[in-house]
Amino acid sequence: TSIMRTRDYEGFLCSLLLPAESRTSAFALRAFNVELAQIKDSITQKTTGLMRMQFWRKAVEDIYCNNPPHQPVAIALWRAVKRHNLSKMWFTKIIDEREKNLDDRAYRSIQELETYAENTQSALLYLTLEMLGVKDIHADHAASHIGKAQGIVTCLRATPYHCTRRKVFLPMDICMLHGVSQEDFIRCKQEKNVRDVIYDIASQAHIHLEHARSFSKKVPVKAYPAFYHTVALDDYLYNIRKVDFNIFHPSLQKRNTLLPLYLYIRTWKKTY
């Protein structure tokens, strides 16, 4: 859990709110996600990244053959797979998508970013629903939209960090629409057209959340704990609106110390 406390604090908090029988498995799933997410940031050559992805691809194969490698996360994941009979397909999708994403280039369009989010963040939510024993089409539909919103917000949140490394991954179609270049972001410009790009992207995340909530009454209550991450997404979208979509505003980089309280309130309200 220490890897999650530092690298996926929000995922760690949300996992704590799951029923006891799913909690350890959720930690394993989140740790697996952190392991894969770290690869892109920690490599200088794509071949190194491909080798590490190959390790996880083989690890998943071995997990499903009841022969996990002697690596703490892989062993924890094997236990989770056995306990909840998790679908191998989602793990494969996550690895495939993260491997494709090792190419250091911006998303061509918001749709490409959403596809990436669907195959990574939504896939994690589908696995979490399996851990909760939820088989429901409305819950899957909500997971799809919430995962997309999460992928978009993650992309926005990482933008200032990426810009310091002279990298911009924001969807090119929206940047072009407003006449904004990657260089404008690297130079941390705050003109209206730069903020308009952020507004458009953030709005798309908001639309996905609204859509996921529009049929919440049809989603089994048992599925709600899988979706508590929406609290952190709401918080970021609220804060970015408060600073008029200036993505470089220092307040956006601070961890919200009230997040555990907001999460507790959301569980109490029985909603997502």
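Everything numeric in this text was worked out from a predicted model, so none of it was measured.

Colleague: What should I look at first to understand the packing of aromatic side chains in this one?
Modeller: Any two aromatic rings considered together are summarised by their centre-to-centre distance and by the angle between their planes. Applying the stated criterion across every chain, the model contains 10 aromatic pairs. Judged by centre distance (5.5 Å) and plane angle (75 degrees), the ring pair of F32 and F91 falls under edge-to-face. You can see F32 sitting in helix 3 (residues 20-42) and its partner F91 sitting in helix 6 (residues 88-100), a full 59 residues away along the chain. The exposure class assigned to F32 is buried, which follows from its relative accessible area of 0%. Taking the centre distance of 5.2 Å and the plane angle of 70 degrees together, the rings of F227 and Y272 count as edge-to-face. Within this pair, whereas F227 is found in the loop between helix 11 (192-214) and helix 12 (230-242), its partner Y272 is found in the segment after helix 13 (259-269), the two being separated by 45 residues in sequence. According to the relative accessible area criterion, Y272 is buried, its value standing at 3%. Connected via pairs of aromatic rings, a cluster forms that spans F32, F55, W56, Y64 and F91. Positioned over the ring face of F169 is K40, at 4.3 Å from the centre of the ring. The aromatic ring of Y9 is capped on one face by R255, whose charged end is 3.7 Å from the ring centroid.

Scoring rules and cut-offs
Residues numbered from 1 in each chain as written. Predicted model: local features only at pLDDT ≥ 70, side-chain atom pairs only at ≥ 80, totals over all residues. Heavy atoms only, no water. Phe/Tyr/Trp six-rings, centres within 6.5 Å; stacked < 30°, edge-to-face > 60°. Helix = DSSP H or I, 4+ residues; strand = E, 2+ residues; numbered from the N terminus. Buried < 20%, exposed > 50% of the residue type's maximum accessible area, 1.4 Å probe, protein only. Lys NZ or Arg CZ within 6 Å of the ring centre and 35° of its normal.

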